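# Breakdown of the fold
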Amino acid sequence: MIYIKNSKEIDAMYKSGQIVAQMHKELRDFIKPGITTGEIDKFCEKFIRSQGGIPAQIGYQGYPYATCTSVNDVICHGFPSDQVLKEGDLITVDTVVEYEGFMGDSAWSYKVGEVSDKVNKLMDITKECLYLGIKEAVIGNRLGDIGHVIQQHAEKNGFSVVREFTGHGIGRSMHEDPMVLHYGQSGRGQRLQEGMVITIEPMINTGDWRSKIDEDGWTARTKDGSLSCQYEHTLAITKDGPRVLTIQDGETI
Ligand code: MF3
Ligand code: CO
């Protein structure tokens with residue numbers, strides 16, 4: 001069942017989205033060689049609470065932390081820990097904030113110091129995949145149109161699209177219908193309607209798309225040890241096109 005949001009509800013969701021967006025802006029300077037993923041998590045949790053937000057991932061299906069910190073071959077749901085980041089690493093920080101009853105969800109990838117050409121290319125292509133997907137999020141299109149452009153762009157560049165984790169509807173709950181696949185065929189799937197709010201969050205690998213889960217039951221890694229990157233926005237389908245609720249200051253899509 002898809003919950004359609006009116007413009008007041010979408011405005012409210014923009015507020016939670018903007019707490020996440022501000023948090024990511026703060027992280028640009030915070031993430032550098034020598035800090036730990038646990039320190040990043042604490043920094044984020046503190047920031048979210050300072051804005052009156054609730055870190056909605058804590059306790060969600062038993063997830064223990066405010067953020068997911070996914071380094072190098074980790075696709076998503078990496079546990080913050082005492083792992084020290086080193087020059088050349090690639091890290092994705094993902095969080096959900098609840099504010100006045102609504103959720104905002106955004107993941108962003110960061111380079112740690114200088115990274116290889118390969119990492120730079122993976123980051124560029126993954127962000128382009130997100131933006132191409134967002135541009136398809138218009139009334140009358142179908143979910144398959146979003147998945148299709150993302151898959152095309154990733155594979156054309158020699159990368160692969162993770163299948164096991166998807167985007168989703170979002171609102172008063174973190175995960176609502178529909179499921180938003182990052183692969184597929186154009187013209188297929190659920191038609192997009194005004195007032196739908198979804199996440200698009202492609203996870204793109206340099207190698208094979210398959211994943212495995214660590215003993216902690218959460219951390220998802222590439223099976224072949226290749227690198228994985230992710231960018232995620234929360235957006236509303238409106239008459240004026242996609243409205244990106246987690247857009248960051250200075251970001252142009
Ligand atoms: N933010 C993630 C998403 O995009 C959710 C993480 S699951 C959690 O769907 F358990 F960590 F919260
Ligand atoms: Co997320």
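Fair warning: this is a prediction, and the values are worked out from it, not measured in the lab. (Residues numbered from 1 in each chain as written. Chains lettered and ligands numbered in written order. Predicted model: local features only at pLDDT ≥ 70, side-chain atom pairs only at ≥ 80, totals over all residues. Heavy atoms only, no water.)

Bringing the site of ligand 1 into the picture now. Taken together, 14 residues lie around ligand 1, and Q57, D94, D105, H175 and E201 are the ones closest in. One of the side-chain nitrogen or oxygen atoms of E201 is found 2.9 Å away from an oxygen atom of ligand 1. Of all the cavities here, the one that holds ligand 1 is the largest pocket. Per-class residue counts for the shell around ligand 1 are six nonpolar, four polar and four charged. (Near = heavy atom within 4 Å. Polar contact = N/O pair within 3.5 Å; in protein donor to acceptor, adjacent residues only side chain to side chain. 1 Å grid on protein atoms, 1.4 Å probe; cavity = no way out; pocket = protein on both sides within 12 Å on 5 of 7 lines; lining within 4 Å. Sits in = over half its atoms within 2 Å of the grid points. Nonpolar A, V, L, I, M, F, W, Y, C, P; charged D, E, K, R; others polar.)

Bringing empty space enclosed by the protein into the picture now. Summed over all chains, the structure comprises one cavity of 30 Å³ or more. Looking at the largest cavity, its volume works out to about 40 Å³. In this structure, the largest cavity is lined by I2, Y3, K5, G169, I170, E176, D177, P178, M196, V197 and I198. Put simply, the parts of the chain that give the lining of the largest cavity at least two residues each are β8 (176-180) and β9 (197-200). Grouping the amino acids of the lining of the largest cavity by side-chain chemistry returns seven nonpolar, one polar and three charged. (Points joined across faces, edges and corners; volume = space filled by probe spheres on them. Helix = DSSP H or I, 4+ residues; strand = E, 2+ residues; numbered from the N terminus.)

Attention now moves to the coordination of the cobalt ion (ligand 2). At the metal site, the cobalt ion (ligand 2) is ligated by D94 (OD), D94 (OD), D105 (OD) and E232 (OE), and these contacts range over 2.1 to 2.7 Å. Metal-centred angles of 53 to 176° between the six donor atoms at the cobalt ion (ligand 2) mark the site as irregular. Donor residues binding the cobalt ion (ligand 2) come from one chain and are separated in sequence as D-x10-D-x126-E. You can see D94 sitting in strand β4 (residues 90-99) and its partner D105 sitting in strand β5 (residues 102-111), a full 11 residues away along the chain. Given the relative accessible area of 9%, D94 is considered buried. (Donors = N, O, S within 2.8 Å, 3.2 Å for Na, K, Ca; no water. Tetrahedral: all angles 85-135°; square planar, octahedral: opposite > 155°, others 65-115°. Buried < 20%, exposed > 50% of the residue type's maximum accessible area, 1.4 Å probe, protein only.)

Keep in mind that these numbers describe shape and distance, not what the molecule does.
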